[in-house]
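# Residue-level structural notes
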Amino acid sequence: MLSWAKWLGFGRRPAVPFKLLFARFRQLLDHNTSVLQLFADAADKQSGEYVFDRAYVASLASGVFDLVGKIVYDLNSIADQKYAALYEVVDRLRAEAQGDLSGQPVVPRTELCIPFAQIDESQSSLVGGKSAHLGEIHNRLQIPMPAGFTITTYAGLRVIEHNGLVAQIEAALGRHEAGEGQACHELCERLRSAKIPADVRRAVRRALGAFAGEDPPPFFAVRSSALGEDGDLSFAGQYSTLLQVSPEGIFDAYRAVLASLYGEPALAYRRARGLPARGLMAVACMRMVRAVSSGVLYTVDPTRPASGRMVVGATRGLASRAVGGGQSLGSYEIARESPHECSSYRPGTYEDIVVGGKDGGTQTVPLPAGARQEPELSPGQLARLATMALHIERYFKQPQDIEWAIDDTGALFVLQARRLEIHAAPEIERDLPQKLDRYRVLLQGRGHVACRGVAAGKVYLLRDEAALDEVPAGAVLVARRASPRLVRVMPRLSAIVTDVGAPTGHMAAVAREFRVPTIVDAGDATGVLATGQEVTLDADEGRIYEGRVEELLQYQLVVETDFEDAPEYRMLRRLLRRITPLGMVDPQSKDFRAERCRSVHDVIRFAHEKAVEEIIELHAAGRVEGADTARRLGSDIPLGLRIIDIGGGLDAALGTAPAGTPLRPEQICSAPMRALWAGLSTPGVWSLRPVPVGLGTFMSSGMSVRMGEHAGRNLAVLSDRYVNLSLNLGYHYNMIDAYLSDDREANHVYFRFLGGASDAERRSLRATMVREILERLDFDARQSGDLVIARLRKLPQAETEERLRAIGRLIGFSRQLDALMDGEDASARYVEAFLAGNYTID
């Protein structure tokens, strides 16, 4: 339980000029809104519907980092430099973004080796494109992949610097660009024999230590993971891969893969794609799968994209021949729709297979004659493979080329995944509008598009965020409000629709990051759509169709997207990966700390939360300079409230009133305070009838006496659009921090409720009632014992104002209810009574 000394903050920072701090706070809110608007504008550009150039991307980066720098400055001005670590975070992010834009990525000089379990796409400059892509699939989607680790680009730089190769690389690349075809041959040889620095060796050995003691000892696939590989471009087959490498052979294999960065095939590919010759290489070391069968799956048939089929090429043993193209594979065509029936199978003509050698390396062995005509995959294995592949495709919103393997226990693993290049068939685009007219539209023209795209699935109506883990894969999630906590299930969703929310809100930004088609602020989607109902959401046009609209789904998936290969588009995508991912979604988490911010979005989310928290703590602790000039509010409600006006919160004519003259409620000009007061003064809400409290109940309250020590600390700090209100109502405490304007992006309400005069169980039951009422009013509310903390953000002015009136009614209604809480039924009864407008306490 919080002590009241800690709650009220005694013994901390001395009184500060609150008017100045509030000015900083308002600036921070404005800058936060501007950054989110830039995010939303960039997402529109990324959709391909708008033309932009490199100057736009550079301007976007400059604008974002200018604003986030100001946000960090404003936060530290409010918090007395408590969060100075954010300056270094922003400087690092800015340097990395500038490197991305210049084509010379900045390599974080941090880890030398990173386990796969700790990798995602935000680390692409450190672990390379392939590892980042696989880490995203494994760690976000929970799809199995073999264990392993990545030797980072920083380790590669250490090797180059340790061997004095920087100047040699520059010279060799210069000669190569001048037309000397073999200019880099000597460079590759030097890298194959390079000395590995001691710190890199130690890091690799520590990573290998995770596999120590395994019986039999593991072998590894040592694979390239260059910057950009399997991301914007595939680089398929351009770098080296070594299979069945023993732990003792890791360093030789590492050097060979590192050297392939400057091999002729890779340099020719980079030149053909308009990329600079210089590159950076990370190397993935993946435990070998004892593959019984392996191969490649295309989630769309590239020769017949409208067929509704996936294509699988399979072989027994390792997949090296499957991806190398030197062998006729078993070929399957399977339906994209569950249960993914196989419509065609053509056996492979291979007579031998590739397996891992007992002492390392690979070897070719004969395939027994009796097995040559047997399918490599059972119907059940094909269905599992299809389900996994469509999960990946749904997440990346693009057709996928997936390398896979099944081991001798039947476990399925993803080894690699990249975008599958597809060109739309003419029949997909023909007469699409007329075809769509045949389908019933359930919702149209409501809400705002937060993330463009098309998706289909069965509706899951989310009534309680505690049920998030029950949301099935592929669902269209329909929720009352747009909460950032939905990020937990976003990777497995087809689409999102919310009744309330803003396209520039945090959840909307995360939806764009995950590329989940999303419509927010749809009004009554939760009333129109029902769990289990199959729908197709066209976020491009703001429509929701009944049933599955195959024509639209095929068009969205395989329509030609040549703009994605444009240099400007790739540059924008790299920048957005640096700035828009949001990992700081839970302010209550122990990881919600400045040093854990890994993106610009993390920084602004953290800064906004902490700024509100600091303002509240300053006020609650009585550290507001000017409190001695506060004016008393006279009213029939016995609050003993004193008010400080920091700008436009009170009638200007009060300046001529005699000293000590009480304020009247009608002289309050602050919009949020007027709304709160309207709720507090609702007839019947504020009962003066005493509620009996037994002596045992009273004395069992460990907080009630302590509350009395600080009775009468009822204070409001007002401006025209802001209020921070602290109310100590005898034995429980309310705090409200709210901003109300016509800019929905800046609007927020923060509410804390704590305490009571009864025993712990009754106080907790009343807190449960308060939390449930707030959740029904669209607040994000959390409870711990008799403490409730609730937040509401980014609603339009009228809706925010109504929620503030409801908070005012709730404060009066709940004031003495803890003494009447004789069980959970009572708590539930009072919830329904309040929401029905029945404020009589009996």
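Every value quoted in this text rests on a predicted model; they were computed, and no experiment measured them.

## Some points on the overall build of the protein
Of the regular secondary structure elements, the protein holds 26 helices and 29 strands. Going through the 842 residues of the protein one by one, you find that 56% of them count as buried. Within the protein, counting contacts between residues at least 6 apart in sequence, those at least 24 apart form 67% of the total. Carbon together with sulfur atoms contributes 50% to the accessible area of the protein, which is approximately 33900 Å² in total.

## Some details on the environment of A95
Residue position: A95 is located in helix α4 (residues 85-102). For A95, a relative accessible area of 30% corresponds to the partly exposed category. Distance from A95 to P108, taken between C-alpha atoms, is 9.8 Å for residues 13 residues apart in sequence.

## Looking at a negative patch on the surface
A contiguous patch of negative charge, built from E761, D822, E824 and D825, is present on the exposed surface. For D822, the location among the structural elements is in the loop between α25 (797-814) and α26 (824-835).

## Re the pairing of strand β26 (residues 732-739)
Where burial is concerned, most of β26 is hidden: eight out of the eight residues are buried. The side-chain alternation of β26 yields two buried faces, one formed by H732, N734, I736 and A738 and the other by Y733, M735, D737 and Y739. Here strand β25 (residues 722-728) runs beside β26; their pairing, made up of seven bridges, is antiparallel. By the bridge assignment for β26, L725 is matched with I736. Relative to strand β27 (residues 748-755), β26 runs antiparallel, the two being bridged by eight bridges. Paired with Y733 across the bridge in β27 is L754.

## Looking at the sheet that holds strand β1 (residues 113-115)
In sheet architecture, strand pairing relies on hydrogen bonds along the backbone and comes in two forms, parallel and antiparallel. Judged by pairing direction, the sheet is antiparallel, and its five strands sit side by side in the order β1-β2-β5-β3-β4 without closing on themselves. Every other strand in the sheet has two partners, leaving β1 and β4 (241-245) as the edge strands with one partner each. For this sheet, the mean inter-axis angle between neighbouring strands, taken without regard to orientation, is 25 degrees. Most of the contacts of helix α10 (residues 250-259) go to strand β3 (residues 220-226), to which it runs at about 30 degrees, and overall it touches β2 (148-151), β3, β4 and β5 (281-287).

## Thoughts on the pairing of strand β12 (residues 400-407)
Counting buried positions over the eight residues of β12 gives eight, a clear majority of the element. Neither face of β12 is left uncovered, since the one carrying Q400, I402, W404 and I406 and the one carrying D401, E403, A405 and D407 both have all their residues buried. As judged from the seven bridges shared by strand β6 (residues 291-298) and β12, these two strands associate in the antiparallel manner. Its bridge partner lying in β12, Y298 is registered against D401. Sheet topology places β12 next to strand β13 (residues 412-419); seven bridges connect them, and they run antiparallel. What sits directly across from I402, in β13, is A417.

## A short note on the nonpolar core
Judged by nonpolar contacts, the single largest core of 116 residues is most densely connected at F149 and M490. With nine residues, the top contributor of residues to this core is helix α13 (residues 379-396). Apart from residues no more than four positions distant in its own chain, F149 is found in contact with C113, I114, P115, F116, V204, A207, L208, F211, F220, V283, A284 and C285. Ranked by size, the runner-up nonpolar core spans 61 residues in total, among them L28, V89, C597 and Y750.

## Observations concerning helix α21 (residues 671-680)
Counted residue by residue, α21 has seven buried out of 10 residues, so it is predominantly covered. Along α21, the residues that are buried comprise P672, M673, A675, L676, W677, G679 and L680. Looking at the buried side of α21, the elements it contacts are β24 (715-718), β25, β26 and α25.

## Examining the packing of aromatic side chains
Taken as a whole and judged by the stated rule, the model has 13 aromatic pairs. Here the aromatic residues F813, Y830, F834 and Y839 are joined through ring pairs into a cluster of three or more. If you follow R201 out to its NZ or CZ, it ends over the ring of F251, 4.5 Å from the centre. Positioned over the ring face of W686 is R815, at 4.4 Å from the centre of the ring.

## Remarks on unusual backbone geometry
With an omega of 0 degrees, the peptide bond running from D215 to P216 counts as cis. Tracing the backbone shows P216 in the loop between α9 (198-209) and β3. S338 connects to P339 through a cis peptide bond whose omega is 15 degrees. Within the element layout of this structure, P339 appears in the loop between β8 (330-335) and β9 (342-346). Residues other than glycine seldom take positive phi values, yet D80 does so here, at roughly 55 degrees. Positionally, D80 belongs in the loop between α3 (54-78) and α4. Judged by its relative accessible area of 51%, D80 falls in the exposed class. Phi at Q142 takes a positive value of approximately 60 degrees, unusual for a residue other than glycine.

## Quick look at the side chain of T299
In this fold, T299 is placed in the loop between β6 and β7 (309-316). At 2.8 Å, the side chain of T299 forms a polar contact with the backbone nitrogen of Q400. Here T299 is in contact with R309, M310, R336, A389, E393, P399, Q400, I402 and L420, once residues within four sequence places are set aside.

## Points about the environment of D66
Relative to the helices and strands, D66 is located in helix α3. Counting along the chain gives 28 residues from D66 to R94, while the straight-line C-alpha distance between them is 9.7 Å.

## Some details on the packing of α3 against helix α19 (residues 567-579)
It is the contact of α3 with α19, at a shortest axis distance of 9 Å, that shows an interaxial angle of 15 degrees. Between α3 and α19, the angle falls in the class roughly parallel. Seen from above, α3 lies across α19 with left-handed handedness. In this structure, α3 contributes R54, Y56, V57, L60, A61, V64 and F65 to the contact, and α19 contributes P567, E568, M571, L572, L575, L576 and I579. For the contact of α3 with α19, the per-class residue count stands at 12 nonpolar, no polar and two charged.

## Topic: the sheet that holds strand β15 (residues 448-451)
Reading across from one edge, β14-β21-β20-β16-β17-β18-β19-β15 is the order of the eight strands in this open sheet, with mixed pairing throughout. Here the strands that pair on one side only, and so sit at the sheet edges, are β14 (441-444) and β15. The mean angle between the axes of side-by-side strands here comes to 30 degrees, regardless of whether they run parallel or antiparallel. Of the pairings in the sheet, the one linking β15 to strand β19 (residues 518-520) comprises three bridges and is antiparallel in character. Looking at the pairing, C451 lines up with T518 of β19.

## Description of the confidence of the model for the protein
On average, residues of the protein carry a pLDDT of 83, and 86% of them reach 70 or more. The weakest mean pLDDT in the protein belongs to helix α23 (residues 704-709) at 34; the strongest belongs to β2 at 97. Taken together, the stretch residues 1-11 has pLDDT below 50 and engages in 28 contacts with residues farther than four places along the chain or on a different chain. Counting contacts from residues 693-712, a segment whose pLDDT is below 50, to residues more than four positions away or on other chains yields 38 contacts.

## So, the pattern of salt bridges
According to the stated counting rule, one finds 48 salt bridges in the structure shown. Here R440 makes a salt bridge to E546, at a shortest N to O gap of 3.4 Å. Of the two residues, R440 is situated in the loop between α15 (432-436) and β14 and E546 in strand β21 (residues 543-546); the sequence distance between them amounts to 106 residues. A relative accessible area of 52% places R440 in the exposed class. Among the ionic pairs, E550 bridges to R548, the shortest N-O distance being 2.8 Å. Look at R548 and you get partly exposed, because its relative accessible area is 30%.

What counts and how
Residues numbered from 1 in each chain as written. Predicted model: local features only at pLDDT ≥ 70, side-chain atom pairs only at ≥ 80, totals over all residues. Heavy atoms only, no water. Helix = DSSP H or I, 4+ residues; strand = E, 2+ residues; numbered from the N terminus. Buried < 20%, exposed > 50% of the residue type's maximum accessible area, 1.4 Å probe, protein only. Contact = heavy atoms within 4.5 Å. Areas by Shrake-Rupley, 256 points an atom, 1.4 Å probe, with all protein chains shown as cover. Patch = residues over 30% accessible without salt bridge, like charges linked within 9 Å, V, L, I, M, F, W, Y side chains within 5 Å. Salt bridge = Lys/Arg side-chain N within 4 Å of Asp/Glu carboxyl O. Lys, Arg positive; Asp, Glu negative; His and termini not counted. Charge placed at Lys NZ, Arg CZ, Asp CG, Glu CD. Pairing = 2+ DSSP bridges. Axes fitted to C-alpha atoms, helices over the stretch in contact; angles between N-to-C directions. Core = buried A, V, L, I, M, F, W, Y, C linked by side-chain atoms within 4.5 Å. Phe/Tyr/Trp six-rings, centres within 6.5 Å; stacked < 30°, edge-to-face > 60°. Lys NZ or Arg CZ within 6 Å of the ring centre and 35° of its normal. Polar contact = N/O pair within 3.5 Å; in protein donor to acceptor, adjacent residues only side chain to side chain. Parallel < 35°, antiparallel > 145°, perpendicular 65-115°, else oblique. Left-handed = near helix turned anticlockwise from the far one by under 90°. Nonpolar A, V, L, I, M, F, W, Y, C, P; charged D, E, K, R; others polar. pLDDT = per-residue confidence, 0-100.

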